[in-house]
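Next come the chains, spelled out residue by residue.
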There are 6 protein chains.
Amino acid sequence: MTLVSLIEFEAASPEVRAVYDDIKATRKTEFVNNFWKALANDPPMLRRVWTSVKEVMAPGALDPLVKELVYIAVSVTNNCEYCIHSHAAGATAKGMTPKMFDELLAVVALANETNRLANGYRIDVDERFRLPLGPR
Amino acid sequence: MTLVSLIEFEAASPEVRAVYDDIKATRKTEFVNNFWKALANDPPMLRRVWTSVKEVMAPGALDPLVKELVYIAVSVTNNCEYCIHSHAAGATAKGMTPKMFDELLAVVALANETNRLANGYRIDVDERFRLPLGPR
Amino acid sequence: MTLVSLIEFEAASPEVRAVYDDIKATRKTEFVNNFWKALANDPPMLRRVWTSVKEVMAPGALDPLVKELVYIAVSVTNNCEYCIHSHAAGATAKGMTPKMFDELLAVVALANETNRLANGYRIDVDERFRLPLGPR
Amino acid sequence: MTLVSLIEFEAASPEVRAVYDDIKATRKTEFVNNFWKALANDPPMLRRVWTSVKEVMAPGALDPLVKELVYIAVSVTNNCEYCIHSHAAGATAKGMTPKMFDELLAVVALANETNRLANGYRIDVDERFRLPLGPR
Amino acid sequence: MTLVSLIEFEAASPEVRAVYDDIKATRKTEFVNNFWKALANDPPMLRRVWTSVKEVMAPGALDPLVKELVYIAVSVTNNCEYCIHSHAAGATAKGMTPKMFDELLAVVALANETNRLANGYRIDVDERFRLPLGPR
Amino acid sequence: MTLVSLIEFEAASPEVRAVYDDIKATRKTEFVNNFWKALANDPPMLRRVWTSVKEVMAPGALDPLVKELVYIAVSVTNNCEYCIHSHAAGATAKGMTPKMFDELLAVVALANETNRLANGYRIDVDERFRLPLGPR
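Figured I'd write up the structure that's included with this text. Here the structure is a predicted model, which is why all the values come from computation and not from measurement.

Looking now at the overall build of chain A. In terms of helices and strands, chain A carries six helices and zero strands. In chain A, the succession of helices and strands from N to C terminus is α-α-α-α-α-α. The C-alpha atoms of chain A give 19 Å as radius of gyration, which overshoots the globular expectation for 136 residues (14 Å, by more than 25%). In terms of principal-axis extent, the alpha carbons of chain A reach across some 60 × 40 × 30 Å. When each of the 136 residues of chain A is scored for burial, the buried share is 63%. Taken as a whole, chain A presents about 4700 Å² of accessible surface, with 57% of it coming from carbon and sulfur. Of the charged side chains in chain A, 16 are positive and 17 negative; the average position of the first set lies 3 Å away from that of the second.

This paragraph deals with the interface of chain A and chain B. If you look at the interface, chain A gives 72 residues, while chain B gives 72 residues. Taking both partners together, chain A and chain B bury about 6800 Å²; carbon and sulfur atoms supply 70% of that area. Remark: the boundary between chain A and chain B carries four salt bridges. Glu103(A) is the partner of Lys67(B) in a salt bridge, and the nearest nitrogen-oxygen pair spans 3.1 Å. There are 30 residue pairs in polar contact (both at pLDDT 80 or more) connecting chain A and chain B. Those elements giving two or more residues to the side of chain A that touches chain B turn out to be helix 2 (34–39), helix 3 (43–56), helix 4 (64–78), helix 5 (81–93) and helix 6 (98–120) of chain A. The element that contributes the greatest number of residues to the side of chain A that touches chain B is helix 6 of chain A, accounting for 20 residues. Looking at the side of chain A that touches chain B residue by residue, the classes come out as 42 nonpolar, 18 polar and twelve charged.

For the structure on display, the rule yields 42 aromatic pairs over all chains. Each ring, one from Tyr121(D) and one from Phe101(E), has its centre 5.8 Å from the other, and the planes form 65 degrees; the classification is edge-to-face. Here the residue Tyr121(D) occupies a position in the segment after helix 6 (98–120), and Phe101(E) occupies one in helix 6 (residues 98–120), the pair thus bridging two chains. Of the two residues, Tyr121(D) and Phe101(E), both sit in the buried class. Taken together, the aromatic side chains of Phe31(A), Phe35(A), Trp36(A), Trp50(A), Tyr82(A) and Phe129(B) make up a single cluster linked through ring pairs.

The rules behind each value
Residues numbered from 1 in each chain as written. Chains lettered and ligands numbered in written order. Predicted model: local features only at pLDDT ≥ 70, side-chain atom pairs only at ≥ 80, totals over all residues. Heavy atoms only, no water. Helix = DSSP H or I, 4+ residues; strand = E, 2+ residues; numbered from the N terminus. Rg over C-alpha atoms; globule rule 2.2 N^0.38 Å. Buried < 20%, exposed > 50% of the residue type's maximum accessible area, 1.4 Å probe, protein only. Areas by Shrake-Rupley, 256 points an atom, 1.4 Å probe, with all protein chains shown as cover. Lys, Arg positive; Asp, Glu negative; His and termini not counted. Charge placed at Lys NZ, Arg CZ, Asp CG, Glu CD. Contact = heavy atoms within 4.5 Å. Buried area = accessible area lost by both parts, 1.4 Å probe. Salt bridge = Lys/Arg side-chain N within 4 Å of Asp/Glu carboxyl O. Polar contact = N/O pair within 3.5 Å; in protein donor to acceptor, adjacent residues only side chain to side chain. Nonpolar A, V, L, I, M, F, W, Y, C, P; charged D, E, K, R; others polar. Phe/Tyr/Trp six-rings, centres within 6.5 Å; stacked < 30°, edge-to-face > 60°.

Printed below as a string of structure tokens:
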């Protein structure tokens, strides 16, 4: 049960409407999902989070589908029901097949398993892994 | 400080050597990292975990680099130092550039942020997101 | 669905009733919430946890509302549905406005984001931050 | 060991320098901590995260010290070493006494404890706690 | 709401049926729970995870009931609703009494509490605790 | 690096010394580990946490070694370095063999894996698992 009212477009302030319009234009859809309608209770937060999502999830060195898969990986690890459902839908829209989802979950589950083996045995990092990444 | 001794090839039983040999052959390298040398204290665990890693991380519907990125995403979320270093190295060997790593972290961080907004506001999942994935 | 029966006052042992009475007296209410009714299945646990809550959440160097906000911050990070709802109610009773809740969530979400950036890049702690806190 | 080089002011691009200058001006200090020097490897990320931190941590319905305490609460729950040290320093600068830190940790620890009791027993949320927060 | 269809025995491929038969034989029951019916969408994953569970949960240096208790401890810490319910049932079948469950939760909760005190104060590990475990 | 000074017996107040004495008497050792010396900065916290540990970890429906194993399971899942080392030592003193530790980690890792499969697929809890535990 949500702790906040969902702000529909009709009831929204101009500041909120502008964000909703940008969401629709960016995603080429008329649909604005509950996440944004909840955040709209705090218009500066809505704007700030949307700006970050728009910027971070845009195509770059990683393609948008890979970014959606990573988003799901984190959401499954943290057990965020809303985020799993919404990003599974988002990833599907970007081309994720059910088989890709299965493999994604397999990797997420395996990483959660081996993370605990490495942490539990307190395994020292190999010297050759202790290298900084190169310059951009 | 590791809680277990690292088992070197020379001191290893035939069962452990067989796994080490398979790791080397699969990865086309002479290097076996500390993770496996720690697990070798429990040979059936070594074999079981290696079998899973070999199977799950192989090319499939997702390519191996994407799987490495997902592995890092989980390891960062859980804060597994060993796994971040070893999989950053692994991903780099498979083609991850520093810029891709930056974008990966940006998505991981953003997902960790929005997971808490969705969970904190207890946002209801939109009806249209409540669809099962299709058949394989 | 709860895994335990909720113990109502009428069905409770004298030991449990004494704790319920102390909860009511301390909180100046007739209402005892489900958390305590669940713990009452294990009377020593009920007493121990209540004693800790009573002691820790009392006014001190931090005021009770700040303590409630911190409680929510942890509960959101861990995704404890029960605790988010009960402490949102508790904080509201102590003066938390909806606007304060929005800002609280914004900080919680941001901290969850930057925690992963710091952990993911394995950033060394600055020398000047490595100072112990002073004496009490 | 950090995975990225730290970008010092002297070696920084104008875009990065502008953010460093804003950090210094906002915080009224010449000191820029490692977190920002690490993020500077990805200038748009540096700018975006700094903008969020500046906005979210500013005085509002919650005062800046309370926000720092909440930041620490999340960082302790997630075990982010860097963030615990840097925000303990930040909170101290804003007036946190060692005694306040002790009480903060006591609440954080207690919430982590009761979160597991509520989740472990799967306790149903009381009807009276199922109320949305009011309008802003 | 599950993201995948549950594969019933009648609709299952021979590969999946073989795993279901092994689950039934190993557990001496006709009942196959939803977890396996969900994994059956990806038959190699079903086989791999079942093989691991069968191997890891078998009697060894730890008895099966202790293993079930540990499983619950992890599931409560991570807040996995499905796993708490299914392993509470599994542990009960192996002899866990409600009183044992109460004590289990008390330990889980306490460990979650003290983990944050140790991490929050950044307490150095005592020299005498820095010993590797002995040979197997 | 610890954020607090460690309070040695010689420098401790009578209130703190009384707790140290009880720790020594209960554990039949002259050794007081750093955890308690850190908590001693806040004497009421020291007393409260020690009282809880003494009560919760005492023999009951679960024996003390099982409780230590559960403690380790939680600490590994949360990645608390201090707690893993101290409770590995504590469990060893109570009879944990290295082989038991290996099996413990195997279960912890497996549970962390399957928790994500159950949460990721959002698997519905089987009807027959939805039973409350019986009366104590």
